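Okay, here's what each chain looks like letter by letter:
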There are 2 protein chains.
Amino acid sequence: MEVERGSVDGPARPAGCPAGEAASGDPLPGRRSVDFPVAAVLPAGGCGERAGIATPKQFCAFLNRPLLSYTIEAFERVAWIEHIVVVVAKENLHQMMDIIQQFSHKKVTVVLGGSTRHRSIFKGLEAFREQSDGVTLRKPEVVIIHDAVRPFVDEDFLLKITVAAKDQGASGAVRPLVSTVIATTSEGYLDHSLERARYRASEMPQGFLYDIIYRAYQQCCETDFEFGTECLHLASHYCGTKAKLIEGPPTLWKVTYKQDLFAAEGIIKDMLSHNGCVVAGGCAPSVQLACELQKTLEARSMQVDVISGPPGSRAVLVSGTWNFIHIAVDSSCLDDMAKLVKTFQDSKHAVLYPVVLILVHLNLQPQCSVTERMRALGAIRSLATEAKHGNILLYGILLSRDKALEQWDESMENVAQIIAALVKDRNPGLVGQLLVA
Amino acid sequence: MEVERGSVDGPARPAGCPAGEAASGDPLPGRRSVDFPVAAVLPAGGCGERAGIATPKQFCAFLNRPLLSYTIEAFERVAWIEHIVVVVAKENLHQMMDIIQQFSHKKVTVVLGGSTRHRSIFKGLEAFREQSDGVTLRKPEVVIIHDAVRPFVDEDFLLKITVAAKDQGASGAVRPLVSTVIATTSEGYLDHSLERARYRASEMPQGFLYDIIYRAYQQCCETDFEFGTECLHLASHYCGTKAKLIEGPPTLWKVTYKQDLFAAEGIIKDMLSHNGCVVAGGCAPSVQLACELQKTLEARSMQVDVISGPPGSRAVLVSGTWNFIHIAVDSSCLDDMAKLVKTFQDSKHAVLYPVVLILVHLNLQPQCSVTERMRALGAIRSLATEAKHGNILLYGILLSRDKALEQWDESMENVAQIIAALVKDRNPGLVGQLLVA
């Protein structure tokens, strides 16, 4: 077994994220608190056959990050979960270590898996027993078992599962059946269909008193290990513990096929696109433009904070967003942008999600616009290339004031439209471009 | 009942589309031909509750087109399917008629649905009986029933379902269960889990001899109509016909939740991004650049045809692609672009999928570049605004030749990267922009 822990504070999660607000140790009012040790085991040894892709799906990446890291993040940000044991196949061990390093995961212990799902989970549970190498993780009272390919589990649901497991011995997420389930004859004909209302799809996460599920695995026969897939069944069969079933949200679904990867990417991009922060310089036209832009973007359902302050300030980082619009008036302002990029790099703000950074360059002197624009273009491109290495996507928008009032309104609409497009797609192929509103 | 048929030839389908190559009446070698009348019934009366969105999901749009139209298209392009009966709720009737008009659907008959799924399907089947208004659709020998929210069914699979229904009386698509199915106690505890291997998820499409399924519906009791969901069950229960079950591909999945809409959009965008057509002008530098670009794009897994010819020629339309790159050398070339836009508009090439049209402007005279560029910018924007109304997304890329050889290679990489980004996202918010390679 290998043990690896990160030490960097995990970045916040997007505001619109299914996982809700940033975790804290304090329970919400009326919410039951967790005052006992809890850990998670994530089997991640699957081979991705069903997705029709060569890479196991938990290692498939979108927005520069493997699916598995999104799932780990969902657990890591829950303050009352102490340890996350990730079980991987031997051939993925190095990749897993790289992921922990790159995305600053800090609660993760990596364990080598077995040849089947149940064997892997058992190995994950054994990580909490005393090891020959002396490394021991504190034994949890409740252990949550979850699939590495279900990244959108939220803290509230994890709490429900945990509390139910503590009270009942075992608990599991269920969902209504989307399709009718039918039994088939051996010749491939319909035998009978099940009454849909009586059945549920058993999903993850599932929670167990550690002693119960560990005891169940100790008693498993070879057939269980070889062909079984359902932990609830083991707890029931070997320990007589009937799990409490809790209906989960549709976002618990399992990323199984190629289309599911598109879905997961779509959800993350959508979440990241709903808010932003406009950073205005000190001068009046800049602040005025920031406020106009705020109004126009909010009409497009993008929640925007306006922040005014020195460009290198870390004040911009508190807002829990991954979209920043920097307004500059009549100057190349690349120095300010470079400072902002450095602020993001130093704070590791872009570790988990790519930051979109848009320079809106308001030009009050139309007569020099052409030359000015082309000069700005050259400078922004080299900064963008550098920023991209740090997961920061930098774009420019040019806006001229030499316009009649109604043209100005149109230009503001254009700026908002371009910002919305850049934020929605987060396409690294267009960084360094200077777009015109 | 209202009857509406289009009369325009349906555009071809993207080359990488799950629905395969364009349909023809000739069977593929070794493939059984369909020499009997076949029709389809698509119940589309659902209310979209589960997706957590106000619009019924079959009417949710991506790439400017409702999901339902993609499903209709999948059936329309199969030459041996004569009629497609779409069953909608009364409140969606006008919307449905607009969809038929806007996307030139030509085999569709619209029928008003009932209060439940089975009532709606029955109404759909009744469209093939003689009507009081004298309008009659030829009664099919086999009728395919399919959900409006499963857009990715392909011709090969429809053929399998049809042939099996003709031979056995009934047939249905099945998929392996993704999750374990469990029975619950009335108190919400695990009762028992089903042995996954014995069961299948019943999906759509299903096929029936028309007389069998119609007879089954005629005998349905109120409980069936009110609570039933499974057509295979009706054929079995009332006519003793046991359906042949055929394993379908994962792309048959049902668009049910918001994440499924992201998945569907992702699949379509991915399909549209794999090939393209470079239209070179007559001069040598243009042809040379076209060939270089072809090589660079193919290294990025984008299959590219090079076509050389007069800009207004319809020759560009034959290639079954929705991505066109027009190369112009040292001229504003907006006239050529305007002709190309008109060609697309006249041919209705962009009716079903947005066409991406990229002007690559190669500038051999660096000294006039700034002014030239800004002039080109102004002109391209107004053409782009007009083209956008016709579902044509027009962008520009500027490329200068005043470069050392290695810089030139870098520029070519940049052009390819920008093209790939534009083609992947098809974002209407960036049309009319002049990007710099």
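Residues numbered from 1 in each chain as written. Chains lettered and ligands numbered in written order. Predicted model: local features only at pLDDT ≥ 70, side-chain atom pairs only at ≥ 80, totals over all residues. Heavy atoms only, no water.

A.B. asks: Residue-level account of the sheet that holds strand E16 (residues 392-400) of chain A, with values.
C.D. replies: Residues and elements named next belong to chain A. Strand order in the open sheet made by the six strands is E13-E12-E14-E15-E16-E17, with parallel pairing throughout. The open sheet terminates on both sides in strands that have one partner only, identified here as strand E13 (303-308) and strand E17 (434-436). The mean inter-strand angle of the sheet, taken between neighbouring strand axes irrespective of direction, is 25°. As judged from the three bridges shared by strand E12 (residues 275-280) and strand E14 (residues 323-329), these two strands associate in the parallel manner. Pairing of Val279 across the sheet is with His326, part of E14. (Pairing = 2+ DSSP bridges. Helix = DSSP H or I, 4+ residues; strand = E, 2+ residues; numbered from the N terminus. Axes fitted to C-alpha atoms, helices over the stretch in contact; angles between N-to-C directions.)

A.B. asks: Account for unusual backbone geometry, with residues named and values stated.
C.D. replies: Most peptide bonds take the trans configuration, and most residues that are not glycine carry a negative phi. All names here are of chain A. Cis geometry is adopted by the peptide bond preceding Pro205, which originates at Met204 and carries an omega value of 5°. Within the secondary structure, Pro205 is located in strand E10 (residues 199-209). Not every positive phi belongs to a glycine, and Lys348 is a case in point at roughly 60°. Mapped onto the elements of the fold, Lys348 is located in the loop between helix H10 (334-347) and strand E15 (355-363). Lys348 sits in the partly exposed class, given a relative accessible area of 39%. (Buried < 20%, exposed > 50% of the residue type's maximum accessible area, 1.4 Å probe, protein only.)

A.B. asks: Before we move on, can you summarise empty space enclosed by the protein with the specific residues and values?
C.D. replies: This structure, assessed with the given rule, holds four cavities of 30 Å³ or more. Counted as a void, the largest cavity has a volume near 760 Å³. Of all the secondary-structure elements, those providing two or more residues to the lining of the largest cavity are E10 and helix H8 (258-272) of chain A together with strand E9 (180-184), strand E11 (199-209) and helix H8 (258-272) of chain B. In terms of residue class, the lining of the largest cavity is made up of 19 nonpolar, seven polar and ten charged. (1 Å grid on protein atoms, 1.4 Å probe; cavity = no way out; pocket = protein on both sides within 12 Å on 5 of 7 lines; lining within 4 Å. Points joined across faces, edges and corners; volume = space filled by probe spheres on them. Nonpolar A, V, L, I, M, F, W, Y, C, P; charged D, E, K, R; others polar.)

A.B. asks: Please set out helix H12 (residues 405-425) of chain A residue by residue, giving values where relevant.
C.D. replies: Residues and elements named next belong to chain A. Relative to the 30 Å expected for 21 residues at 1.5 Å per residue, H12 spans 31 Å between its end C-alpha atoms, a close match to the ideal helical length. Those residues of H12 that fall on the buried side of the exposure criterion are Trp408, Ser411, Met412, Asn414, Val415, Ala416, Ile418, Ile419, Ala421, Leu422, Val423 and Asp425. Looking at the residues trailing H12, positive phi occurs at Arg426, about 45°. (Expected span 1.5 Å × (residues − 1).)

A.B. asks: I'd love a proper account of the interface of chain B and chain A, names of residues and values included.
C.D. replies: Contact with chain B, which involves 71 residues of that partner, is made by 72 residues of chain A. For the pair chain B and chain A, the summed buried area comes to about 6,100 Å², and 54% of that belongs to carbon and sulfur atoms. Of all residues in chain B, the largest losses of buried area upon contact with chain A belong to B:Tyr189, B:Leu190 and B:Gln259, amounting jointly to 10% of the total for that side. Remark: the boundary between chain B and chain A carries two salt bridges. Viewed at the interface, chain A and chain B are joined by 32 residue pairs in polar contact (both at pLDDT 80 or more). The greatest single-element share of the side of chain B that touches chain A, amounting to nine residues, is contributed by H8(B). A class-by-class count of the residues in the side of chain B that touches chain A yields 31 nonpolar, 19 polar and 21 charged. (Contact = heavy atoms within 4.5 Å. Buried area = accessible area lost by both parts, 1.4 Å probe. Salt bridge = Lys/Arg side-chain N within 4 Å of Asp/Glu carboxyl O. Polar contact = N/O pair within 3.5 Å; in protein donor to acceptor, adjacent residues only side chain to side chain.)

A.B. asks: Give a detailed account of the packing of aromatic side chains, specifying residues and quantitative values.
C.D. replies: Throughout the structure, instances matching the rule amount to 22 aromatic pairs over all chains. Ring geometry for B:Phe62 versus B:Tyr70: centroids 4.7 Å apart, planes at 10°, classification stacked. Take B:Phe62 and B:Tyr70: they sit in the same class, and that class is buried. Ring-pair connections join several aromatic residues into one group, and the members of that group are A:Phe122, A:Phe128, A:Tyr210, A:Tyr214, A:Tyr217 and A:Phe225. Against the face of B:Phe103 rests B:Arg65, its NZ or CZ located 5.7 Å from the ring centre. (Phe/Tyr/Trp six-rings, centres within 6.5 Å; stacked < 30°, edge-to-face > 60°. Lys NZ or Arg CZ within 6 Å of the ring centre and 35° of its normal.)

A.B. asks: Just give me the short version of the relation of the copies chain B and chain A, but keep the residues and values in it.
C.D. replies: Here chain B sits on chain A after a turn of 180° about the axis and a move of 0.0 Å along it, with an RMSD of 0.1 Å. The two molecules are tied by a two-fold rotation axis, judged by turn and shift. Among all C-alpha atoms of chain B, that of B:Ala263 lies closest to the rotation axis, at 2.1 Å. A share of 100% of interface residues in chain B that are also interface residues in chain A marks the association as one of identical surfaces. (Least-squares fit on C-alpha atoms with pLDDT ≥ 70 in both.)

A.B. asks: Run through the pairing of strand E8 (residues 170-175) of chain B, naming residues and quoting values.
C.D. replies: All names here are of chain B. Taking burial as the measure, the six residues of E8 include six buried ones, the bulk of the element. Here E8 shows two buried faces, one formed by Ala170, Gly172 and Val174 and the other by Ser171, Ala173 and Arg175. As defined by bridge partners, E8 adjoins E11 across five bridges and the pair is classed as antiparallel. Considered in E11, the bridge of Val174 is made with Ser202. Where E8 meets strand E12 (residues 244-247), four bridges bridge the pair, whose relative direction is parallel. Bridging across to E12, Gly172 finds its partner in Leu245.

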